[in-house]
Amino acid sequence: MLSCGVTVDQVSRIRIKTTTKILFVDAAPARIHLEALNAEGDTFSTLGEIPIEWELSHSGEGRPLRIVPFEQSTYEAPAEIVALEKNKKKGYIILVEGILTGSATLTAKFGEPHYKNINPDSLDLVVVANLLLQPAHDLFLPVNAVVPFHVQIVKQSSTEGIGRTSGPSVVFDEIMRVLDNCDSFVFEISSKVRPCQNPKPIFQPIPS
């Protein structure tokens, strides 16, 4: 004979759990999980078929994120999540996909009146483009050589080139580090494509 112990308790608060807060545009969706805890901070094993209300909010134009139903993905969902989605509801596990670069806040709360006293929980997410700087390999060049670089954006099954403005050198707007050959500094890109005002060769002669 087999036996097990079962503890029944009341939910005191909820917490959103994820392995990353940074998502890439057009990449595989991230799996986000909602946990429930009792007054002592112990985590419940599962929330079963309790419906959860998930909401994405953002400022500015465009919608950077969207919630993807499991039936529209290649991910396997627990049986209780499948049952909820068949009734047009969401459960304690969802998939979130990046659409545009930007940021958004994900909020979760219980959908049943019985849990109306449980405060919602929120999580800030950021969507960035997954970029490659080409050529990406090590280069060995003579003094005063100038190397043309271009940027590609990585998507689920392919890469696409990103256009550039006129001028000998530009700095691209994404969260990555590149070499700005205007001043040979490596810096964090912030907002816009910026043409060089006084371009110089990437490699300068070493004074003798």
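Everything discussed here concerns the structure shown above.
Rules used throughout
Residues numbered from 1 in each chain as written. Predicted model: local features only at pLDDT ≥ 70, side-chain atom pairs only at ≥ 80, totals over all residues. Heavy atoms only, no water. Buried < 20%, exposed > 50% of the residue type's maximum accessible area, 1.4 Å probe, protein only. Helix = DSSP H or I, 4+ residues; strand = E, 2+ residues; numbered from the N terminus. Arc of directions from axis to C-beta. Contact = heavy atoms within 4.5 Å. Pairing = 2+ DSSP bridges. Axes fitted to C-alpha atoms, helices over the stretch in contact; angles between N-to-C directions.

### As for helix α1 (residues 79–86)
Think of an α-helix as 3.6 residues a turn; residues three or four steps apart then line up on the same face.
Here comes step 1: What α1 keeps buried is the set E80, I81 and L84. Taken end-on, α1 shows its buried residues confined to a sector of 100°, consistent with a single buried face. Among the exposed residues of α1, those oriented more than 90 degrees off its buried face are A79 and K86.
Here comes step 2: Next to the buried residues of α1 lie β6 (93–98).
Here comes step 3: Just downstream of α1, K88 is the residue with a positive phi angle, here 60°.

### So, the sheet that holds β6
Here comes step 1: Strand order across the open sheet formed by four strands is β1-β3-β6-β5, with antiparallel pairing between neighbours. The sheet terminates laterally at β1 (13–17) and β5 (65–68), the two strands that pair on one side only. When strand polarity is set aside, the average angle formed by the axes of neighbouring strands in this sheet is 30°.
Here comes step 2: Where β5 lies against β6, four bridges are found, and the strand directions are antiparallel. In the sheet register, I67 faces β6, and the bridge partner there is V96.

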